[in-house]
Amino acid sequence: MRGSPTDAAGTGSVDVPAPDYVWFVDLALREMAGIVEQLGDELANRTPPFREANSPYAILTHCLGVMEYWGGATVAERPVQRDRAAEFSATGDVARLLWRTEQARRRLRDDIAGLDAFAPPAGVRPDPDDPVPYARAKGSVLLHILEELFQHLGQMEITRDALVADQRR
C-alpha cells in the first residue's frame with residue numbers, strides 16, 4: 001500500500017505495508033472464526049438474550065460482506081453483489097462459514113495488491129454532513145474495514161459470553 005507522501009491537507013501520510021495490514025485483518029478474522037468454531041453450529045447460530053442482537057454466525061457473515069463490498073467494490077473496483085440486510089439474519093453450517101472466511105481473507109489480499117492508497121474509492125460519494133475520510137482515499141477504506149472487523153470482534157466476544165452463560169443456566 002503505497003501512496004503519495006503528502007495527503008490533500010499537506011500533513012503527510014502513514015504508509016503501512018500490505019502484509020502488516022493483512023496481519024491485522026487476519027488477527028480479527030482468526031479470533032472471530034475461533035469463536036464460531038468453539039461455539040459449534042447450534043450456539044453460533046443462536047442470538048443472545050439482548051434486544052435486536054445478532055448471532056455470532058450473522059456477525060461474521062456481516063464482516064465478510066464488509067470486506068467484500070468495501071475491499072472489492074470500492075478498493076479493487078470489481079462488481080460486487082451484496083445483500084447487507086440478509087447478513088444479519090444469516091444462519092448455516094460453521095464449517096462452511098469458516099471456508100468462506102478463508103476465501104474472503106484471500107480475496108481481500110488480492111484486492112489490495114498494487115493499491116494506490118491515495119486514489120479515490122469507487123462509488124463512495126463524499127457527504128458534507130458526514131465527512132468520513134474513507135470517502136476520499138482507498139487507504140482510508142482499508143482502515144474502515146479494519147475498524148469494522150475489530151468492532152464486530154468485540155461484539156462477538158460479548159455475544160459468545162452471553163450465549164455460554166445462558167447455556168449454563
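Residues numbered from 1 in each chain as written. Predicted model: local features only at pLDDT ≥ 70, side-chain atom pairs only at ≥ 80, totals over all residues. Heavy atoms only, no water.

**Describing the overall build of the protein chain**
Across its full length, the protein chain holds 5 helices and 0 strands. By the compact-globule yardstick of 15 Å for 169 residues, the protein chain fits well, its C-alpha radius of gyration being 17 Å. For the protein chain, the spread of C-alpha atoms along the three principal axes comes to 60 × 35 × 30 Å. Here the contacts in the protein chain between residues at least 6 apart in sequence split such that 70% fall between residues at least 24 apart. (Helix = DSSP H or I, 4+ residues; strand = E, 2+ residues; numbered from the N terminus. Rg over C-alpha atoms; globule rule 2.2 N^0.38 Å. Contact = heavy atoms within 4.5 Å.)

**Structural notes on the side chain of Thr101**
Relative to the assigned elements, Thr101 resides in helix α4 (residues 94-111). For Thr101, a relative accessible area of 5% corresponds to the buried category. Residues contacting Thr101, with those up to four places away along its chain left out, are Leu29, Leu60 and Leu64. (Buried < 20%, exposed > 50% of the residue type's maximum accessible area, 1.4 Å probe, protein only.)

**Let's talk about the pattern of salt bridges**
Inspection of every chain in the model, using the stated rule, returns 11 salt bridges. Here Arg105 and Asp26 are joined by a salt bridge, their closest N and O atoms 3.6 Å apart. Here the residue Arg105 occupies a position in helix α4, and Asp26 occupies one in helix α1 (residues 18-44), the gap between them amounting to 79 residues. Residue classification places Arg105 among the buried residues on the basis of a relative accessible area of 17%. Using a relative accessible area of 13% as the deciding quantity, one classes Asp26 as buried. One salt bridge connects Glu52 with Arg51, and the closest N-O pair in it is separated by 3.5 Å. Arg51 matches Glu52 in its accessibility class, with the two residues each being exposed. (Salt bridge = Lys/Arg side-chain N within 4 Å of Asp/Glu carboxyl O.)

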